[in-house]
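# Inside the fold
The chain contents come next:
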Amino acid sequence: MPMRFWSRFFAKDPAEPVGPQFGALPYRIVDGQLAVLLITSRGRGKWIFPKGCQMDGKTPWECAELEAYEEAGVVGEIETTPIGSYFLPVTEERPQPIEVLMYPLLVTDQREDWKEMGQRYRHWAVLPEAKRLITHDGLADVAVALAQRETSRSVSRRAPLQA
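These remarks concern the structure in this document. (Residues numbered from 1 in each chain as written. Predicted model: local features only at pLDDT ≥ 70, side-chain atom pairs only at ≥ 80, totals over all residues. Heavy atoms only, no water.)

### Quick word on helix 2 (residues 60-72)
Formally: Segments assigned H or I by DSSP are reported as helices when at least four residues long, segments assigned E as strands when at least two residues long, and all are numbered from the N terminus. An expected span of 1.5 Å times one less than the residue number is assigned to each helix. A simple rule labels every residue: compare its accessible area, found with a 1.4 Å probe on the protein chains alone, to the largest value its type can have, and call it buried under 20%, exposed over 50%, or partly exposed in between. Contact between two residues is taken to exist if any of their heavy atoms lie within 4.5 Å; hydrogens are not considered.
Compared with an ideal rise of 1.5 Å per residue, which puts 13 residues at 18 Å, helix 2 spans 18 Å between its outermost C-alpha atoms and is within 8% of the ideal. For helix 2, every residue scored as buried is listed here: Cys63, Ala64, Glu67, Ala68, Glu70, Glu71 and Ala72. In this fold, the buried residues of helix 2 make contact with strand 1 (21-30), strand 2 (33-40), strand 4 (51-53), strand 5 (74-78), strand 7 (98-110) and strand 8 (122-126). Once helix 2 finishes, Gly73 follows within two positions and takes phi at roughly 70°, a positive value.

### Focus: the pattern of salt bridges
Selection criterion: Any carboxyl oxygen of Asp or Glu that lies within 4 Å of a side-chain nitrogen of Lys or Arg is treated as forming a salt bridge with it.
As enumerated under the stated definition, the model contains 6 salt bridges in all. Among the salt bridges present, the one from Arg111 reaches Asp109, with a minimum N-O distance of 2.8 Å. Overall, Asp109 belongs to the partly exposed group, its relative accessible area being 29%. Glu150 is the salt-bridge partner of Arg149, the closest N and O atoms lying 2.8 Å from each other. Taken as a pair, Arg149 and Glu150 share a single burial class, namely buried. The network of salt bridges with shared partners includes Glu71, Glu116 and Arg120.

### Some words on the side chain of Arg149
Note the cut-off: Counted as a polar contact is a pair of N or O atoms within 3.5 Å, where, for protein atoms, one must be capable of donating a hydrogen and the other of accepting one, and residues adjacent in sequence contribute only when both atoms are in side chains.
Within the element layout of this structure, Arg149 appears in helix 4 (residues 139-158). Residue classification places Arg149 among the buried positions, given a relative accessible area of 18%. A polar atom in the side chain of Arg149 sits 2.8 Å from the side chain of Glu150. Those residues in contact with Arg149 that lie beyond four places of it in its chain are Tyr27, Glu79, Ile83 and Pro104.

### Some thoughts on the environment of Ile98
Secondary-structure assignment places Ile98 in strand 7. Counting along the chain gives 78 residues from Ile98 to Pro20, while the straight-line C-alpha distance between them is 5.8 Å.

Given below as structure tokens:
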């Protein structure tokens, strides 16, 4: 009996589900610059983008969109094609690397109250600042890919038509 009592204080966290996860890359274009919304992770307080596991009955991008709403309190236009991916490293709770597919989310509304607001901070950052704040390998690269795509779109919209 005493062993069961103490085991709940020293029990390991349950292992994370194996398989891909899906994340949202919330962004806006402000004064011609890409701004991304970062949130802190619950465990170590690192700056990340919202992400989570596959949910029954939802597409990967719908999962990403729901995570953005719950973790960051934002809604918008989610894309159905990922802009890129990164890998979560091996930890005690994660016996193998897990790929996270990232879906761009053009934010149209930001809530003042949201499900995980007491567990996370959120912060809008332009790309140079986001690259400094993000410490996960490969995660900043996804934001860079989105910035490059948006820059090329903006240039092509301004380019004169060739006759």
